[in-house]
Structure formats: structure tokens, C-alpha cells
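Structure assessment
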Amino acid sequence: MTSETIVKGRILGFGTSPFVDRPQDAARLHDALVISDGRIAAVGEWDRLRAAHPAAAVADHGEQLVLAGFVDAHAHYPQTAIIASWGKRLIDWLNTYTFPEESRFGDPDYAAAIATRYFDLTLAHGTTTTCSFCTIHPESADAYFAEAQRRGQRVIGGKTCMDRNAPDGLRDDAQSAYDDSRALLQRWHGTDRIGYAITPRFTPTSTPEQLAALGALWAEHPDCLMQTHLSEQTDEIEWVRSLYPSARDYLDTYEMHGLLGANGLYGHAIHLEPRERDRLRETGAALVHCPTSNTFIGSGLFDMAGLMAEGQRVGLATDTGGGSSFSMLRTMAAAYEIAQLRGMALHPAQLLWLATAGSAAALHLEDRIGIIAPGMEADLVALNLSSTPAIAQRAGRANDIWEAVFPTIMMGDDRAIAQVWINGQARLA
Ligand code: GUN
Ligand code: ZN
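Residues numbered from 1 in each chain as written. Chains lettered and ligands numbered in written order. Predicted model: local features only at pLDDT ≥ 70, side-chain atom pairs only at ≥ 80, totals over all residues. Heavy atoms only, no water.

1. Details of the pattern of salt bridges
- The tally for this structure, following the rule as stated, stands at 27 salt bridges.
- Ionic pairing is found between Glu-102 and Arg-201, a salt bridge with its closest N-O pair at 2.9 Å. Placement of Glu-102 in helix H3 (residues 90-102) and of Arg-201 in the loop between strand S9 (194-200) and helix H7 (208-220) is noted, with a sequence separation of 99 residues between them.
- Glu-102 sits in the buried class, given a relative accessible area of 1%.
- A salt bridge links Arg-415 to Asp-413, with the nearest nitrogen and oxygen atoms 2.7 Å apart.
- Arg-415 sits in the exposed class, given a relative accessible area of 54%.
- On the basis of relative accessibility, which here comes to 21%, the residue Asp-413 falls in the partly exposed class.
- One salt-bridge network, in which partners are shared between bridges, spans Arg-248, Asp-249, Asp-252, Glu-255, Arg-275, Arg-279 and Glu-282. (Salt bridge = Lys/Arg side-chain N within 4 Å of Asp/Glu carboxyl O. Helix = DSSP H or I, 4+ residues; strand = E, 2+ residues; numbered from the N terminus. Buried < 20%, exposed > 50% of the residue type's maximum accessible area, 1.4 Å probe, protein only.)

So this is what it looks like as C-alpha cells:
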């Protein structure tokens, strides 16, 4: 007989998008869900579910808020050890901190140690799915996928490709980037819960030949994702313009090489031209908002209101270690603050949706994770909404669920994570 668990608590799901419908109407509160064989089997009222599943074990989470596990749609696991490095903007930050650290990942033991540390840290922060860049070394991708596989996690990742404007030891070439990426995607894509993303780092670090080779690889494997960076800082955009004087804009440098499509993920996407916005929307590509990174490296203010209003597909991400946190709670807080600076107050339901269903949809995983509904994979998180004295005293004044959860969004960290389930298995003490 399959073992079943009923999770009892304040279960928060979404019937629709809180950017389309009124946020309060998009959300659904239940008081129990049933996990069976790693999936959500039922969601609803405790009395009815208990009666229908009398033999199920019960995990009683009381007043805790249970939602889909957080989905981090853009991260760099190899930057775990250099997170919060001081004083640089993007290009200097890459050269000073990132590239020297990424040079170490040709060593499979080092890559495995950091992959383990990264998944320990992200899980402790309630993140159940990550989409990560690796380094140029195939070993770094093998380490990331092997660790995720060991933990049964649904992840996406890819070997980062760079064949110029990077130091010795951190450059591949057009052919080896194609060959190594192809071998990795053949080894990992669709294995257990793993998906492969073809990963040119960004236009400045790839020759036209490399971008074209990766565009060709994507055309041969269109079910893979493709992840890169787009229009993060104004200096970077100027650099791209000087490298590609004939391109219409930054996005065009990808588009002209076959690197624009519905399965494309474009990190940051802050300083977009109208043509770029049109093309991203027309193709159904995903923009990934990385708010702690955008403030930490000083990149700019993502136009959440405008992009959502025009119907873009948007995910949310830490961008660890350009981002200054492993926490999707902290990331939601930064998204809130950036939206405020642009005149929009994101509703708590919108923030939670972005960190779960929105990011899952950006990764084209919306039929598997990110939503609490029967048939979905049981990757869940339980939040203690009174995890510190400061949060507890504010939550104690709450008049509704949104006032109760907002202090945790704004002030919470890993102490708020009461439990995490991966594929139906409880993972924290
Ligand atoms: N652009 C190219 N590479 C990177 C990176 O590692 N982090 C960030 N934030 N931006 C990038
Ligand atoms: Zn990034």
C-alpha cells in the first residue's frame, strides 16, 4: 500500500494569476492536503480529507502557512562562496571576484563540495527548485546535477559558455562549448527530475561563432531551455553595442544567432528598448527579475508593473552570488522595495506567486511544480509566520492572512522555514 501523509495547516494555493485577477481572488486557502507517492493527491478541508484517508500519517502544521516550495529561476551556484563581496559593479565584480572563484570548478571535488553546500543552503531557505548557471567546466555541471539527483530535486542548469573576455582557464571555444553542452544535455536532460539549459553567459563573453553554435544546438534540442543575461547594466549595454554595431539592440545579438525563443530565460532585463519588449512578449520568452542583485551591484529598477501589464512572462530569482541572499523571502522583499521605487505596491499574493507559480512558469514547469493542486509534485514549504520576536509582534496584529504573511516576507529568513518537502519527503527537522 502506498503511504500517504495529510499535511494540515493554512494551505495557500493559486487558482489564477494575481497579476490578472484581484490578488485576493486569485489565492485559495485550504486547511489540508494529501501527499501520496510524491505528489499532491488532494487539497481541501481537513474533515473530508481525514475521512477519505483514515490510514494516512498526519503532519500538523497548525497556524503555519504551507505553500509550493520556492523556485529560484536564476542563480549561479559556483558563486556561493563569494556572495556578498564588496564594492564593485558588474564587469569589475565579475573580474575581481567571480572569475577567480569560477576558475576553481575544474576540480570535481571542489565543485561537489560547493554543490552540496549550495543545496544545503537553498533548502534551508525553503527553495526546492533552482535554475543555475554552472562554470565553463563540464565537471561543475556534473557536480550540480549529481547532487540534485541524490536529493531527488527538480532542477535546471547548464554549463556556462565563454570564449572571449574571460581569463585564461575560463574560456572554451565555439566547438567545445557545443560539444560539451551537447554531451551534458544528452547525459542529464530528462534524467530523473533534471532539465538542461543551454547557457551562453552573455554576449560580451561569447564570439559570434559561439553564439551561433549554441543557437544551432538549441535548434537541435528545442525542448531544452536556454538561459543568459540581458540588459543588466548600462555599461554592459554600451559594451554590447560596441561589439555588435550592426545589431538593433542587445536582444538582437541573441536573436540573430538563434538564441531567442519561448524556452529562453533572460536574466535581469532591466534597461529594455521597446523593440526588445515586443520581441520578448511575442516569442513568449521569460524575463527573470533578480532584485537583490540589481540593488547590490547597482544595476537598476526592473519595470514589474509595465512588464506584467503588457503580458510578459516573469520569474523571480536570487542571482546568487551577484544577489546578496539565498532567500526567496529576502528576494520578495527586495522586489517589493524596487516596485515601490517605481510606484507600484506589489501585493503579498503577487510576491508569493512570483516566487512559486511565476518562476515555475518561467521555467516551463508549471504543470509539475509551483502550484498546489492534485497531480502536482509535492515540493512544499511550511512557513512559521512568527519566526522572530519582531515578526511575531507584527503578525499578532494581523487582521487577515495577507497582513499575517507580509512581515515574514519583509523580515523573514531561514528561521521562518519550518519544513520543506521534496517529492513528498519531509526534509528539515
Ligand atoms: N552577467 C554575466 N555574468 C553574470 C553573473 O555571473 N552575474 C550577474 N549578476 N550578471 C552577469
Ligand atoms: Zn546571473
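2. Details of the environment of Arg-39
- Examined against the element boundaries, Arg-39 turns out to sit in strand S3 (residues 39-44).
- The spacing of Arg-39 and Val-240 is 201 residues in sequence and 45 Å in space, taken between C-alpha atoms.
- Among residues more than four places away in sequence, those in contact with Arg-39 are Val-34, Gly-375, Met-376, Glu-377 and Ala-378. (Contact = heavy atoms within 4.5 Å.)

3. What about the coordination of the zinc ion (ligand 2)?
- Within the protein, the atoms that donate to the zinc ion (ligand 2) are His-74 (NE2), His-76 (NE2), His-229 (NE2) and Asp-319 (OD), at distances of 2.0 to 2.4 Å.
- Taken together, the 4 donor atoms coordinating the zinc ion (ligand 2) span angles of 91 to 159° at the metal, a pattern that classifies the geometry as irregular.
- Here the donor residues for the zinc ion (ligand 2) map to a single chain with the spacing H-x1-H-x152-H-x89-D. Of the two residues, His-76 sits in strand S5 (residues 70-76) while Asp-319 sits in the loop between strand S13 (313-316) and helix H13 (328-341), which places them 243 residues apart along the sequence.
- On the basis of relative accessible area, Asp-319 is assigned to the buried category, the value being 3%. (Donors = N, O, S within 2.8 Å, 3.2 Å for Na, K, Ca; no water. Tetrahedral: all angles 85-135°; square planar, octahedral: opposite > 155°, others 65-115°.)

4. Some thoughts on the packing of aromatic side chains
- Inspection of the entire model under this criterion finds 14 aromatic pairs.
- Taking 5.8 Å as the distance between ring centres and 85° as the angle between the ring planes, the aromatic pair formed by Tyr-77 and Phe-105 counts as edge-to-face. Of this pair, Tyr-77 sits in the loop between S5 and H3 while Phe-105 sits in the loop between H3 and helix H4 (108-124), and the two are 28 residues apart along the sequence. A single burial state applies to Tyr-77 and to Phe-105, both of which are buried.
- Centre to centre, the rings of Tyr-77 and Tyr-144 are 5.4 Å apart; their planes meet at 20°, and the pair counts as stacked. A residue pair is termed long-range when its members are at least 10 positions apart, and Tyr-77 in the loop between S5 and H3 and Tyr-144 in helix H5 (residues 138-151) qualify at 67 residues. Considered together, Tyr-77 and Tyr-144 belong to a single accessibility category, that of buried residues.
- A network of ring pairs unites the aromatic residues Tyr-77, Phe-105, Tyr-110, Tyr-118, Phe-119, Tyr-144, Phe-145, Trp-188, Tyr-196 and Phe-326 as a single cluster.
- The cationic tip of Arg-104 hangs over the ring face of Tyr-110; the distance from NZ or CZ to the ring centre is 4.1 Å. (Phe/Tyr/Trp six-rings, centres within 6.5 Å; stacked < 30°, edge-to-face > 60°. Lys NZ or Arg CZ within 6 Å of the ring centre and 35° of its normal.)

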